[in-house]
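Results of the structural survey
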Amino acid sequence: MKPISRRDFLKFGGLTLAGAAGATALGHSAGGASEVAAKPLKPQMQHGDDLIPGIDGEVDHEANGFNPTEILTDFDYGEVSALPNGQTLREFRIVAANRNIEVLPGIGFPAWTYNGRIPGPTIRCTEGDRIRINFINGSDHPHSIHFHGIHAGAMDGVPGTGPGGSVAPGGTFVYEFDAEPFGLHLYHCHVFPLARHIAKGLYGAFIIDPAGGRPPVDHEMVMVMSGFDVDFDDANDFYAVNGIPFHYQNHPIPLKTGETVRIYLVNILEFDLINSFHLHANFFNYYPTGTSLTPIEYTDTIMQTQAQRGILEFSYKHPGMYMFHAHNTEFAELGWTGMFEVTE
Amino acid sequence: MTEQTTKSRFTFRTLVLLLLPIVALVGVIFLFLSTGGGLDFQSVAPIEDLTVERYELSPGHIDIYVRNSGPEDLTLAQAIINEAIWPIEVTPNATVPRLGRATVHIDYPWSYGEAYGITLFTTNAIAFDVEIPVAFNTPEPNSKTFWSFALIGLYVGVIPVFLGIFWFPVLRQLGRRWMVFLMAVTAGLLIFLGLDTLVEALEAAAEAPGPFQGIGLIGIGAVATFLLLDALSRKQVNTGSDETARRLSLAYMIALGIGIHNLGEGLAIGAAYNVGEIALGAFLVVGFIIQNITEGLGIIAPVLRDRPGISSLIWMGLLGGAPAILGAWIGGFAPSPTLAVLFLAIGTGAIFEVVYEIAKLIQKDTGKQAMPLTIFSGVLAGMLLLWVTGLLIK
C-alpha cells in the first residue's frame, strides 16, 4: 500500500529519517529530525525464549503416506535372490505417481513421487550386487530413473539413451546394472525440464555398501536435503530434510551419549546453488561420496552442491538438545532445521 | 372509463408482466448453476486474491489486516517473514469468506527502522506479499497520537486556510476587474485541486479490493456530489435568495469542496505516516503553509464585495481546513482504501461543481463588460500558483 498525496512525502523525505522524524518534528518543530538521528537505535525487540522460526501443528503423515521419522531409518534392500552365476540379485519396484503432499500444515503441494513419498525409497545394496528396478510410470507425465553409478548408457535413464530414457505415462521399464562403485549415491528423474522434475519430488538415496561392509555403528540414518517451490516461481519457498520442513525440530531424534551415529547425507536441492550441514556442539568424520573408508576431514560443517553427498560419523559426549541444520541460515529458518535429543 | 381500465390493468396484469421476467431469471440462474449451462467452469488452478488493508506493529508483534477479494473462500496457512517461517494465528478464522476480513497475528522480534517482507501462503500455496518498508511502533489511538495527528491537520489544513482568509480586509478594497481576476484565480486553483483529487481517487481505487469496484465508486461519489450541490444551489435561486446570500453560500461551498479535498489529503498523510513513508520536516510544513494559503484566498473571493461577519469567516476557515485533522485521524487509525476512494470522489465532485458555480458568477459579473483576458490570466495564474508552490513539496 502506498497512499501518497500530491504532497508526495516519500520522494521528498526519503526513508532515511523514517517515521520517527515525523513524530518528533511535530512535537518539537524544526529541531526534531536531527535529534532523532542522534539518538541510538532503540531495540524494539522482545526475544522470548520460545520465539523461534518454525511451525505449529503437524502435517497429516497418514494422508501423505510417509513420515520422515520412519524414512530416517527405512532402508530398502529389495527382494533378494541369487542369479545362476551366484551373484546376488536385488529386485525393486518403483512407481512414479502424482500425489498431493501436505508439506507444511495446511499447505498442499502437487508433488511427483517415487512410491508415494519424498524422498523416494532409500535403495540399499552391496558392491557387486545385480540391481533390477521394475519402474512403472503411474503418473500423467513421462518420467525416468537416472541412477548415479557406473552402468551402461541404455540404463542411464536420460532421454535419448533408449526406452529407459523417458517412460511414457502407463509405461514400464526395467533398469538393470551391477552396483558399483561402493559409496553413497542418489537417483532422480532425468526427463526434461529437469529442474521441475526434480523439484516436484522425484529423487531418493542410493547406498552401495562396500563388499566387507562398514564398521558397525549404533545408528544409521539417511537424510535427503531438498526444497519445495510451492508457488512455481523457480525459487524454493521451504527447505527440508526427508520431505517435511522442521520435522526433526518438532520431533527430535533420540540418541544416547557415546552411541555411534552414521548419517548418509544427500543434497538434491533444486534452484539454490549449495546446501550445507552443520552439527551443533560436536564434530564428525566426513567421507565425501562414501567412496573411501578413510575420512578426509574432521569438521562440524560441510557444504554440498546439488547431487553431492557424503557420510558423516560422530557420537555425542554430553547429554542435551543439539541442533543440526543447514548453515545457509536462510534455509534453516525456512525448514531445514532438526534436533538431536541426547540422553545418558 | 379508460382511466378506470388503466388503473385496474396496472394493479393486476401489469404486476404479473412485471414479475414474469424476474421469475424466469430465477429459473435461468437455477438451471445454469445446476447444469453449468454446457460450459466448463472447472478452473485449472484455484483463483484466490487477498488485499492487505494495513498492518500494525507493536513490540514483538505484527498484525496484518487482510480482506479476501477473490471469488471464493480462502484459507490462510503459513507465513514467511524475511526468509523464515514463523507461526501465525488468524482471527476470527483462518478461512476467510469472500469479501470477509481477517487479522494475521505473528509474534516476531522485529527491529526498529528495518525493512520486512512478509509472504502469506494460502492452503493452495498461493503467495501474497506484504511490504513493511520501515518498521516502527504503529501509533496507537491514544490522546498523545490523537494530538499529533491533530497537529498535522492543523499545519497542513487549518493554519494555511486561515492565513489566506486574513487577506480579506485588504482585498475588499480592490476594484471590480481585480475581483473578477481573483475569482478566476480561485477557479484555476480549484481546477488544479480537482484534478489532483481525481488522480488520488484513481490511485486509491487501484488499491481497493477488486469487488468494490473503485472506479465505479469514483463515478458514483463524484457525479452524485456534483448533482447534489448543483440542485442545492438551484433551489436557492428558486427560493429567491438575494445575490449577497448566494455569494456567501458559494463561499461556503468552496470551503466545503476544499475541506473535502483536505480531508483526502489528511487521509493520505495519516496512512503514509503509519507506514513510515513520511518525514515531516520543518521545510515541508513551510511548503504546506505557502501552498495551502491559496485555498483560503479562494474561499473569500466570492464575498469580497459583501460584509460577511467574522463568525462566517471563521466557520468557512474551519470548514475548509479542519477536515484535514479528521482525515489524518481516519488515515492514521483506521485506514481503508475503499473509504478513501469514496472521500476523494466526493471531493472531486464537490470541487468541480464549485468551479461551475464560480463560472456562473463570473459570467454574471462580466455580463456588461466582457473581460476574457482577465479570466484567462486569472485561471492560468491560479493553476500556476499551485504548480509552482507544489515544486516546494514534491
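Just so you know, these numbers come straight off a predicted model, no measurement behind them.

**Some remarks on the overall build of chain B**
Scanning chain B for helices and strands turns up 12 helices and 9 strands. Its C-alpha atoms put chain B at 80 × 70 × 35 Å along the principal axes. Here chain B, with 394 residues, has 47% of them falling under the buried criterion. Considering only contacts in chain B between residues 6 or more positions apart, those separated by 24 or more positions represent 82%.

**What about the nonpolar core?**
Membership of the largest hydrophobic core comes to 115 residues, with the highest contact counts inside it found for Val103(A), Val224(A), Tyr264(A), Val266(A), Trp336(A), Ala79(B) and Val104(B). With sequence-adjacent residues up to four places away left out, Tyr264(A) is seen in contact with Leu184(A), Ala205(A), Ile207(A), Val222(A) and Ile311(A). By size, the runner-up hydrophobic cluster in this structure holds 79 residues, among which are Val158(B), Ala272(B), Tyr273(B) and Ile351(B).

**Description of the sheet that holds strand β19 (residues 309–315) of chain A**
Sheet strands associate in pairs through backbone hydrogen bonding, adopting either a parallel or an antiparallel arrangement. All names here are of chain A. Pairing in this open sheet of 6 strands is mixed, and the strands run β12-β11-β14-β19-β16-β17 from one edge to the other. Looking at which strands have only one partner, the edges of the open sheet turn out to be β12 (238–241) and β17 (297–299). Neighbour-to-neighbour, the strand axes of this sheet turn through a mean angle of 25°, independent of strand direction. Bridging between strand β16 (residues 284–288) and β17 involves 3 bridges; their strand directions are antiparallel. Along β17, the bridge assignment pairs Phe284 with Thr299.

**A short note on the packing of helix α5 (residues 176–207) of chain B against helix α11 (residues 337–365) of chain B**
Residue and element names in this part refer to chain B. Running from N to C, α5 and α11 point in directions that differ by 160°, and their axes come no closer than 8 Å. The angle between the axes of α5 and α11 places the two elements in the roughly antiparallel class. Here α5 runs over α11; the crossing is left-handed. When its residues are assigned to classes, the contact of α5 with α11 shows 24 nonpolar, 5 polar and 3 charged.

**Topic: the domain arrangement of chain B**
Residues and elements named next belong to chain B. Here the domain parsing of chain B yields domain 1 (50–132) and domain 2 (143–393). When each unit is reduced to the centre of its C-alpha atoms, the spacing between domain 1 and domain 2 is 38 Å. On the side of domain 2, 6 residues touch domain 1, which itself brings 6 residues to the contact.

**Things to note about the pairing of strand β10 (residues 203–209) of chain A**
All names here are of chain A. Most of β10 sits out of view: 6 of its 7 residues are buried. The pairing of strand β5 (residues 122–126) with β10 spans 4 bridges and is parallel. From the neighbouring strand, Ile123 faces β10, where its bridge partner is Phe206. With 6 bridges connecting them, strand β9 (residues 183–188) and β10 associate as antiparallel partners. Its bridge partner being in β10, Leu186 is matched across the sheet by Ala205.

Parameters and conventions
Residues numbered from 1 in each chain as written. Chains lettered and ligands numbered in written order. Predicted model: local features only at pLDDT ≥ 70, side-chain atom pairs only at ≥ 80, totals over all residues. Helix = DSSP H or I, 4+ residues; strand = E, 2+ residues; numbered from the N terminus. Buried ≥ 20, exposed ≤ 12 C-beta atoms within 10 Å, placed from the backbone. Contact = placed C-beta atoms within 7 Å. Core = buried A, V, L, I, M, F, W, Y, C linked by C-beta atoms within 7 Å. Pairing = 2+ DSSP bridges. Axes fitted to C-alpha atoms, helices over the stretch in contact; angles between N-to-C directions. Parallel < 35°, antiparallel > 145°, perpendicular 65-115°, else oblique. Left-handed = near helix turned anticlockwise from the far one by under 90°. Nonpolar A, V, L, I, M, F, W, Y, C, P; charged D, E, K, R; others polar. Domains from an automatic or database assignment.

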